[in-house]
Amino acid sequence: MSVMVARKKVVRKWEKLPGRNTFCCDGRIMMARQKGIFYLTLFLILGTCALFFAFECRYLAVQLSPAIPVFAAVLFLFAMATLLRTSFSDPGVIPRALPDEAAFIEMEIEATNGTVPQGQRPPPRIKNFQINNQIVKLKYCYTCKIFRPPRASHCSICDNCVERFDHHCPWVGNCVGKRNYRYFYLFILSLSLLTIYIFTFNIVYVALKSLKIGFLNTLKETPGTYPSTSLTVLTVLEVLICFFTLWSVVGLTGFHTFLVALNQTTNEDIKGSWTGKNRVQNPYSHGNVVKNCCEVLCGPLPPSVLDRRGILQQEESTAQEESCPRGPSAKEPTAAQGSGGQEESVTTVFSLQVPAPSLSNAEMPEEKQLMSGELPVPSQDAGQAEH
């Protein structure tokens, strides 16, 4: 008996997406492959806040106000939520062109530019697009085989074209683009406030202890019991971390606040797109700080165009040889449930080859019986002889 088994395995689209990204939780989480610095960011935030909540907050809540740890907890939770939202989301990756689309674009470019003589450099692949009476050039991406939309750029680390590309941030482990820029800005803003908050109350903690026993006596306390352990080692460590973080995070927040007010990206600022020699006016700016901030931070968030969890079905057919006793009929199996939560439909086709009984010349039907469709029934002796 020959058995043909056809299996339909459910495959998600994120499993076939090109680029250098890492996907987790069945495509729900999307990050860059280089995540080492992101883990360092988590360690610094979690470690510093854990020390602050475990030691200084207890003393300050008793001596000053219980609202101090509450407000610190709100800032901490908000900073962590915006960090994870920035790191785990699609920044606005543009899908690459399909083979048919890429071939059509190539034909269109050849028809526009004409035949380039051998040895000459082909002209740049650029399209002109008008935005607010300003000409914007759309550049062709040789990797994605598309003309990139305005303000889009190809990230060399993630190997993807990202819409409204700002920059690739290793501290969050992801690109920063159209779909996660507002969360990135809120993250660095809340982290700046949290750093200033912890740094300030660490100084207040040291000042309160110094008023009781003196500053030098405070530093000379023997570690081993609360709160001297945090004072001699942990508080100093927190102050150092917050001090060096202030220069980077607070400065970064001020820089991006300036960009948001002008409705400009980091990529455009580095390249000097609107401040170069030509002094081209930024066509995306509304000329009003409030309108620019509302568009960048409060505008509608576009949906992802990747459809990471969409289904792609791949059919795999296998042939197996099995022995089965002859019977008048065989039951067809029903659809089976595959392992791992993925459904697999299995269809089995049985092809039985049963040899026809041999008849003697005397027992052969006549031509009239063949024409009328009446076949003779073999006798019992013939059936026993066959067995």
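The rules behind each value
Residues numbered from 1 in each chain as written. Predicted model: local features only at pLDDT ≥ 70, side-chain atom pairs only at ≥ 80, totals over all residues. Heavy atoms only, no water. Helix = DSSP H or I, 4+ residues; strand = E, 2+ residues; numbered from the N terminus. Buried < 20%, exposed > 50% of the residue type's maximum accessible area, 1.4 Å probe, protein only. Areas by Shrake-Rupley, 256 points an atom, 1.4 Å probe, with all protein chains shown as cover. UniProt positions renumbered as here; feature names shortened; annotations may be inferred. Phe/Tyr/Trp six-rings, centres within 6.5 Å; stacked < 30°, edge-to-face > 60°. Lys NZ or Arg CZ within 6 Å of the ring centre and 35° of its normal. Salt bridge = Lys/Arg side-chain N within 4 Å of Asp/Glu carboxyl O. Core = buried A, V, L, I, M, F, W, Y, C linked by side-chain atoms within 4.5 Å.

Asker: Sorry, what's going on with the overall build of the protein here?
Answerer: Counting its secondary structure elements, the protein contains ten helices and 15 strands. When the 387 residues of the protein are sorted by exposure, 36% land in the buried category. Just so you have it, the protein exposes about 24,200 Å², and 60% of that area is on carbon and sulfur atoms.

Asker: What's the story with the UniProt feature "transmembrane region" (unreviewed entry) in the protein in this structure? I'm lost.
Answerer: UniProt records the feature "transmembrane region" (unreviewed entry) at residues 37-55, 67-84, 183-208 and 228-250, using the numbering of this structure. Note that residues 67-84 is 100% helix and 0% strand, and that its end C-alpha atoms are spaced 26 Å apart. From the first C-alpha to the last, residues 183-208 spans 37 Å; its make-up is 100% helix and 0% strand.

Asker: What's the story with the packing of aromatic side chains in this structure? I'm lost.
Answerer: Describing an aromatic ring pair means giving the distance of the ring centres and the angle of the ring planes. Overall, the coordinates contain 14 aromatic pairs when judged by the stated rule. Between phenylalanine 243 and tryptophan 247, the ring centres sit 6.0 Å apart and the planes meet at 80°, which makes this aromatic pair edge-to-face. With phenylalanine 243 and tryptophan 247 both in helix 6 (residues 228-262), this residue pair falls four residues apart, about one helical turn. Here phenylalanine 243 falls in the partly exposed class, since its relative accessible area comes to 36%. Members of the aromatic cluster, joined through ring pairs, are Phe199, Phe243, Phe244 and Trp247. We note arginine 151 situated over the ring of tyrosine 284; from NZ or CZ to the ring centre the distance is 4.1 Å. Over the aromatic face of tyrosine 181 sits the side chain of arginine 164, whose NZ or CZ is 5.3 Å from the ring centroid.

Asker: Would you explain the pattern of salt bridges in this entry?
Answerer: Close approach of charged atoms lets side chains of opposite charge pair. Across all of its chains, the model carries five salt bridges by this definition. A salt bridge links arginine 12 to aspartate 26; its shortest N-O distance comes to 3.7 Å. Placement of the pair is arginine 12 in strand 1 (residues 2-12) and aspartate 26 in the loop between strand 2 (21-24) and strand 3 (29-32), with a sequence separation of 14 residues.

Asker: What is the right way to look at the nonpolar core in this model?
Answerer: The nonpolar side chains of a soluble globular protein tend to be buried with one another. Counting residues in hydrophobic clusters, the biggest one holds 39 residues, and the most contacted among them are Ile45, Phe52, Leu83, Tyr181, Phe184 and Phe187. Where this core is concerned, the elements lending two or more residues are strand 3, helix 1 (36-63), helix 2 (67-87), helix 4 (181-213) and helix 6. Among the elements that take part in this core, helix 4 stands out by supplying 13 residues, more than any other. If you look at the next biggest cluster of nonpolar residues, it comprises eight residues, including Ile94, Ala97, Ala102 and Cys161.

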